[in-house]
Every structure is written in C-alpha cells, then in structure tokens.
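# Structural description and commentary
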Amino acid sequence: MTDFEDKLAELRPARAPEALWRRVQEGKLADRRWPSFRRDAVSIAAAVLLVIALYFILLPSPDPAPAALGPQGSSEELLKELKLVRHKIVMESNRDGNWDLWVINADGSNPVNLTKTPDVDELYPKVSPDGSKICFCADEGKGEAKVRNLYIMNSDGSKRVKIADNSREPCWSSDGTKVAFLRGEFDTFSYSDFATRGIFTYDLASGQIRQHPNKKIEHLYTLNWSPDGKWFVATVHGGMGFKHGILALEAEGDGVFDLNLGGCRPDLSPDGKQIAWGHGDYAIGVADLDFTSIPPKATNVHNIVESKDPMETYHVDWSPDGRYVAFSYGPKHQGKNLKGLLPEFPGVEAPGWNTTVADVSKKNTFVQVTNDGKSCKEPDWMFVK
Amino acid sequence: MEQTLLMDSLLCEQLWRRHADRLLLYATTVLSDRAAAEDVLQNVFVRIMASPPEAFDSEAGYLFRAVRNEALNVIRSRRLSSRAVSPLFEELAEDPRTTAELAERGRQVEKVLLRISAEEREAVVLKIWGDFSIPEAAAVAGVSEKTFEHRYYRGLAALREKLGDLDHDGL
C-alpha cells in the first residue's frame with residue numbers, strides 16, 4: 001500500500017449502532033419506505049410550506065435585527081485612532097528566537113519584552129481586569145521532561161510566581177481575585193491546546209486550588225469566566241459527547257450547554273453581554289449572549305471581520321472598553337513542518353502571523369499593529385488607567 | 001431446535017461484531033443514504049438469522065455481496081431519501097490530538113469520496129475499508145479484476161488530487 005492508501009486505511013468506519021443490532025435480533029425486516037410518488041408528493045408539500053415560511057420570514061419582523069455595523073473604515077484612520085488609546089496589548093511572539101511575552105501600545109508602538117528567558121517559552125498571556133498582573137503559560141524543560149506550567153507576574157514582568165503544574169488556558173475572575181485554568185490531560189507534554197481535563201480555580205489570596213464540581217469536564221480550551229462568576233465559556237473538541245463547539249458551563253453545577261456557534265476560541269466582552277469568536281478560519285463573529293435563560297442563548301450573530309483564504313483569523317480578545325478586538329492574523333500553513341501541529345496552537349510557530357486590531361462598530365475595519373510576522377499571536381488587552 | 005436457533009444467533013452476532021461497521025460504510029457509500037443503508041444491513045442479517053447459509057467461502061465476501069444485492073434492490077425500487085450520510089468514519093480516538101487529526105481527515109475524505117463516481121467509490125471502499133484483495137473485491141463488485149483495478153486506481157487518483165497528502169488538519 002502507498003502512504004496515501006495507509007492514511008485512508010487509518011480511518012475507521014463509524015460504528016454500526018447497537019440499536020440496529022437489536023432490530024436484527026427482533027427478527028423483523030426493515031419497514032418498507034414510502035413509494036417514490038408519495039415521497040415526491042411530500043417533497044412538493046414541503047416546498048410549498050418552505051415558500052410560505054420564507055414569505056413570513058422575509059416580512060419585516062419585530063425581532064431585533066443584527067446590529068447594524070457602520071461602513072467599512074480605512075486601516076490608516078484606525079491606526080491613527082489607536083495611537084490615542086491608552087490601553088496596551090500583551091502577546092506571545094518568538095521574535096527573539098524563543099517564545100516570550102511582549103507588551104505593545106494599541107497601535108503596535110513601543111514593544112517591550114516582558115520575560116527575556118532564553119530557556120523558557122512564555123505563552124498565552126491573560127491580563128487581570130485591573131491590568132496589574134498577567135497569568136501565562138510557561139513551557140519549561142526539554143524533551144521528555146518538558147511541561148506546561150502556569151505562572152502569575154506583575155504586568156511589568158516582575159515577581160513571577162508559579163501557581164499550577166501541568167496546566168494551561170487560564171482566565172481571570174472579574175474581581176481579579178481568582179484564576180480559572182485547565183489541567184493538562186497527560187503527564188507527557190502536548191502542544192494540543194485541548195489536551196485538558198477538568199476546570200480548576202486558584203485563589204490568589206490563599207493559594208488554594210479547587211476543582212470544578214463537574215468531574216467529567218474534558219477537552220476544553222480557551223476558557224472564559226463570565227463577569228458575574230456564574231458561567232464558564234470555552235471551546236470543546238471531542239469531549240463530553242460534543243464533537244466541536246463553544247460551550248457554556250455552569251460555574252457551580254453540572255450544566256453544560258452548546259451555544260451553537262460554529263467555530264472556536266471565544267472571548268466574552270467586558271460586560272459579559274457579547275461573545276466574539278473565530279467564526280471558522282477566516283472570520284471573527286460577534287453575538288449577543290443571554291445567560292438568564294436555560295439553556296443560555298447566543299443571538300444576533302454577525303461577522304465583524306471577514307478575511308480571505310489563506311489569511312486566517314484567530315485568538316480574538318475584547319479591549320477593556322469594548323470598542324475594539326485584537327486578534328491573530330496570518331497565512332494558513334501548508335506543508336509538513338510545525339511539528340505536524342497548527343499555527344493557532346500556543347507555542348507552535350506561526351510564520352507571517354501578526355497581532356491585528358479591528359473596530360467592533362465597523363464592518364471589516366482592521367489594521368495589523370505588528371508587522372514582523374514573528375508568530376505574534378494570542379493578543380490580550382491590558383487595562384491602563 | 002431451540003439449541004440450533006441459539007447457535008445461529010451466536011454465529012450471527014459474531015458476524016455482526018466482525019463486519020457490521022464496514023458493511024454499513026459500504027452500504028452508505030453505495031446508497032448515499034445512511035438510513036437506507038441501516039435498513040439494508042438489518043434485512044441482510046435478519047435473513048441470515050432466519051436462514052443461515054450452509055457454508056461460506058469467505059464470510060466477508062458473502063456478506064458484502066449480500067449487502068450489495070440488497071442495496072441494488074433498494075436503488076431499483078427508488079426507496080431512497082436524500083438524508084445526510086455523515087459521519088462515515090469514527091471520529092474519536094484515545095487521545096485528543098489523534099482525535100482531531102482523524103476527525104478532520106475523516107471529514108475531508110468523506111466529502112471527496114461522496115463526489116467521485118459511484119463505481120470508483122465502491123472500488124475504493126471495498127479495497128481500503130473492506131480489506132479485500134483485488135480479486136476478492138472484484139468478485140464482490142461483480143466485475144473482472146482488470147475492470148475493478150481500473151476503477152480503483154482512478155478513484156484513488158481522484159481522491160489524491162482533491163485531498164493532497166492528507167497532512168494538514170485545521171482546527
């Protein structure tokens with residue numbers, strides 16, 4: 001067999017359902033289906049109903065329409081505007097030959113390396129809501145001993161303290177007193193961000209770590225904590241009965257709900273009323289969130305950024321004032337390097353990727369604020385008074 | 001009599017456990033209708049339980065031929081709907097990295113597989129997932145080895161053209 005045939009053969013046929021075997025055991029032949037003329041009649045009836053439904057759908061509706069975005073603005077105007085924004089952006093980059101955390105102004109000016117550690121790869125920064133601290137991942141050790149741990153440091157890079165071993169994908173509580181994070185699924189190192197099991201919270205005052213009551217939580221990534229502390233929102237990949245999606249999970253219960261948003265890597269707006277996420281590989285989606293109903297709902301879905309193949313859009317993050325989002329923007333990777341992994345994974349090289357900022361109120365108005373393409377990604381806004 | 005029925009039931013279950021997954025994949029790709037494919041599998045196995053064959057030359061060959069004949073009967077009687085056929089492949093593996101890679105690869109292969117001609121699709125499915133040799137697969141498809149080989153390599157080339165080397169998996 002050729003390599004190609006081998007790769008096809010690695011795919012296993014989906015399992016025949018047990019219910020089908022039980023039907024066989026009952027010894028009854030399958031019900032004969034409707035003859036085709038009846039099916040045709042049903043198709044015609046369905047088409048008529050569809051036309052009627054479309055008629056009513058297309059009539060003016062009292063339901064809220066998707067937010068009207070302003071007309072597309074220019075990148076130059078946006079960059080001028082960003083020069084006046086006081087908040088900063090922290091990101092991961094390997095521009096100095098290894099992975100460090102860099103802080104830049106909103107327009108990309110004044111880059112400062114916060115970590116400068118040639119032997120440690122710092123990744124996935126998450127800034128506390130008051131802008132005073134940064135929680136981040138650090139890949140430490142080599143080969144078999146390599147492990148991804150969690151640290152907190154001051155936002156100027158001082159006073160680094162480890163808070164958890166073999167953990168990743170942190171986020172802050174809105175009052176900045178706790179960090180929630182995901183444990184690594186395996187003892188051995190994995191770049192796959194969804195190789196996780198369980199949600200945990202770290203209390204900064206006491207140093208205590210507590211596990212979420214739902215012990216079945218697995219394969220989450222991009223964890224968020226709602227401002228009222230009652231919900232987590234995260235992507236799931238192949239876990240808890242879900243194939244792939246964005247979930248809302250009760251912070252103190254077992255409730256797990258699919259928000260039915262196609263895509264991944266969500267970020268909650270500072271007021272918790274909106275969600276932004278990677279709406280596929282080439283768009284940033286925004287939707288309104290309603291956590292007051294069970295199940296929680298995401299409505300008014302629309303794209304604020306739409307890119308074109310091969311330029312991908314990932315890692316969206318709301319600015320503290322909710323006016324902008326930062327995101328990673330770069331070419332889809334082709335070929336066999338990158339260790340067989342994907343550039344959107346933390347700590348995986350992303351040639352040509354830059355931190356980019358979009359105006360949330362305007363359609364497709366964005367500008368790259370880094371330009372060296374040295375894997376500048378996972379941006380997180382830093383609040384500045 | 002009761003003893004015979006019990007033995008037949010056990011034999012039938014063994015056949016089911018050994019072959020049902022790939023038979024269902026085969027029937028689904030022949031019919032492009034997962035629900036109809038399940039019906040085909042049900043009918044074939046119910047008939048085997050009611051009247052077990054006396055001897056198999058090759059149990060896989062026998063079952064694939066039986067599924068093929070039943071599927072062709074369904075096509076002739078136009079008892080098909082246009083239901084989704086997904087997923088053709090198992091998507092969960094033991095670790096998430098493999099799961100992600102296989103899931104993406106499965107989706108890509110499924111998409112392209114369902115677009116190539118029915119004859120080429122059948123040849124690829126029988127050879128790759130039916131795990132038959134060319135002569136065995138040709139016998140199931142009811143064509144000469146040369147014809148089968150031609151269909152198989154043409155189908156494989158069409159898949160390779162659309163899928164590339166199957167190395168990159170987007171998440």
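Residues numbered from 1 in each chain as written. Chains lettered and ligands numbered in written order. Predicted model: local features only at pLDDT ≥ 70, side-chain atom pairs only at ≥ 80, totals over all residues.

Right, let's get into the overall build of chain A. Each helix and strand counted, chain A has four helices and 24 strands in total. Scored against the burial criterion, the 385 residues of chain A give a buried share of 41%. Within chain A, residue pairs in contact and separated by at least 24 positions form 48% of the contacts whose partners lie at least 6 positions apart. (Helix = DSSP H or I, 4+ residues; strand = E, 2+ residues; numbered from the N terminus. Buried ≥ 20, exposed ≤ 12 C-beta atoms within 10 Å, placed from the backbone. Contact = placed C-beta atoms within 7 Å.)

Let us now look at the packing of helix α5 (residues 118-129) of chain B against helix α7 (residues 145-163) of chain B. Residue and element names in this part refer to chain B. The interhelical angle for the contact between α5 and α7, taken along N-to-C directions, is 95°, at an axis separation of 8 Å. When the axes of α5 and α7 are compared, the pair comes out roughly perpendicular. Residues Glu119, Glu120, Arg121, Ala123, Val124 and Lys127 of α5 touch α7, and the partners they reach there are Phe148, Arg151, Tyr152, Arg154, Gly155, Leu156, Ala158 and Leu159. Of the residues assigned to the contact of α5 with α7, the class counts are seven nonpolar, one polar and six charged. (Axes fitted to C-alpha atoms, helices over the stretch in contact; angles between N-to-C directions. Parallel < 35°, antiparallel > 145°, perpendicular 65-115°, else oblique. Nonpolar A, V, L, I, M, F, W, Y, C, P; charged D, E, K, R; others polar.)

Residue and element names in this part refer to chain A. One open sheet holds the four strands; their spatial order is β16-β17-β18-β19, and the pairing between them is antiparallel. Of all the strands in the sheet, just β16 (264-268) and β19 (297-306) have a single pairing partner and so form its edges. Averaged over all pairs of adjacent strands, the angle between strand axes in this sheet comes to 25°, irrespective of strand direction. Pairing between β16 and strand β17 (residues 274-278): three bridges, direction antiparallel. Paired with Cys264 across the strands is Gly278, a residue of β17. (Pairing = 2+ DSSP bridges.)

All names here are of chain B. Remark: helix α2 (residues 34-50) packs on helix α3 (residues 59-76), axes separated minimally by 9 Å, with the N-to-C direction vectors making an angle of 125°. Comparing their axes, α3 and α2 come out oblique. The handedness of the crossing between α2 and α3 is right-handed. Of the residues in α3, those touching α2 at Ala36, Val40, Leu41, Asn43 and Val44 are Ala66, Val67, Glu70, Ala71 and Val74. Classifying every residue of the contact of α2 with α3 gives eight nonpolar, one polar and one charged. (Left-handed = near helix turned anticlockwise from the far one by under 90°.)

Attention shifts here to the nonpolar core. Grouped together as the largest cluster of nonpolar side chains are 84 residues, with contacts concentrated most on Leu223, Phe232, Ala234, Val325, Val357 and Ala358 of chain A. Excluding residues within four positions of it along the chain, Leu223 of chain A makes contact with Glu169, Cys171, Ala180, Phe181, Leu182, Ile199, Phe232 and Ala234 of chain A. Residues Val24 of chain A together with Ala27, Leu31 and Phe45 of chain B belong to the second largest nonpolar core, which totals 51 residues. (Core = buried A, V, L, I, M, F, W, Y, C linked by C-beta atoms within 7 Å.)

Within a sheet, neighbouring strands are paired by backbone hydrogen bonds and run either parallel or antiparallel to one another. All names here are of chain A. With antiparallel pairing, four strands are arranged side by side in an open sheet as β8-β9-β10-β11. Of all strands in the sheet, those with a lone pairing partner are β8 (167-172) and β11 (209-211), marking the two edges. Pairs of neighbouring strands in the sheet enclose a mean axial angle of 30°, with direction left out of account. When strand β9 (residues 178-184) meets strand β10 (residues 196-203), the two strands line up antiparallel, connected through six bridges. Looking at β10, one finds that Ala180 is bridged to Thr201.

Here the focus is unusual backbone geometry. Excluding glycine, a negative phi dihedral is what most residues carry, and trans is how most peptide bonds are arranged. All names here are of chain A. Residue Pro295 follows Ile294 across a cis peptide bond; omega there is 0°. Counting through the fold element by element, Pro295 comes out in the loop between β18 (283-290) and β19. Look at Met240: it is not a glycine, yet its phi comes out positive at around 55°. You can see Met240 is positioned in the loop between β13 (231-239) and β14 (242-250). With a phi close to 50°, Arg265 is a non-glycine residue in the positive phi region. On the secondary structure map, Arg265 appears in strand β16. Given 25 C-beta atoms within 10 Å, Arg265 falls into the buried group.

Another aspect to go through is the confidence of the model for chain B. Residue and element names in this part refer to chain B. Of all residues in chain B, 83% attain a pLDDT of 70 or more, and the chain-wide mean is 82. Per-element confidence in chain B ranges from a low mean pLDDT of 79 for helix α1 (residues 2-31) to a high of 94 for α5. Note that residues 1-7 has pLDDT below 50 and, in this model, zero contacts with residues that lie over four places away or in other chains. (pLDDT = per-residue confidence, 0-100.)

This part is about α2 of chain B. Residues that lie three or four places apart on an α-helix share one face, since the helix turns once every 3.6 residues. Between the first and last C-alpha of α2 of chain B there are 24 Å, a value that for 17 residues agrees with the 24 Å anticipated at 1.5 Å per step. Looking at α2 of chain B, one finds that the buried residues are Arg34, Ala36, Ala37, Glu38, Asp39, Val40, Leu41, Gln42, Asn43, Val44 and Phe45 of chain B. (Expected span 1.5 Å × (residues − 1).)

Turning our attention to the interface of chain A and chain B. Taken together, the contact pairs 37 residues of chain A with 41 residues of chain B. When residues of the side of chain A that touches chain B are traced back to their parent elements, those giving at least two are α1 (3-9), α2 (18-25), α3 (36-58) and β13 of chain A. By residue number, the principal contributor to the side of chain A that touches chain B is α1 of chain A, which donates five residues.

So, about the environment of Asp309 of chain A. Residues and elements named next belong to chain A. Positionally, Asp309 belongs in the loop between β19 and β20 (311-318). Note on Asp309: 9 C-beta atoms within 10 Å, which makes it exposed. With 28 residues separating them along the chain, Asp309 and Asp281 place their C-alpha atoms 8.6 Å apart. Apart from the residues lying within four places of it in its own chain, the contact partners of Asp309 are Tyr282 and Lys332.

Let us now look at the pairing of β18 of chain A. When a strand is regular, its side chains alternate between the sheet's two faces. Residues and elements named next belong to chain A. In this sheet, β18 lies alongside β17 in antiparallel orientation, the contact comprising five bridges. Across the sheet, the residue bridging to Ala276 is Val286, located in β18. The turn linking β17 back onto β18 is made up of four residues, and Gly280 within it adopts a positive phi angle of 85°. Relative to β19, β18 runs antiparallel, the two being bridged by seven bridges. Residue pairing across strands places Ala283 opposite Glu306, the latter belonging to β19. Between β18 and β19, which pair antiparallel in sequence order, lie six residues.

Take the environment of Glu136 of chain B next. Residues and elements named next belong to chain B. If you trace the backbone, Glu136 turns up in helix α6 (residues 134-141). Judged by C-beta crowding, with 20 C-beta atoms within 10 Å, Glu136 ranks as buried. For Glu136 and Leu126, which are 10 residues apart along the polypeptide, the C-alpha to C-alpha distance reads 9.1 Å. Beyond its immediate stretch of four places on either side in the chain, Glu136 contacts Ser58 and Gly61.

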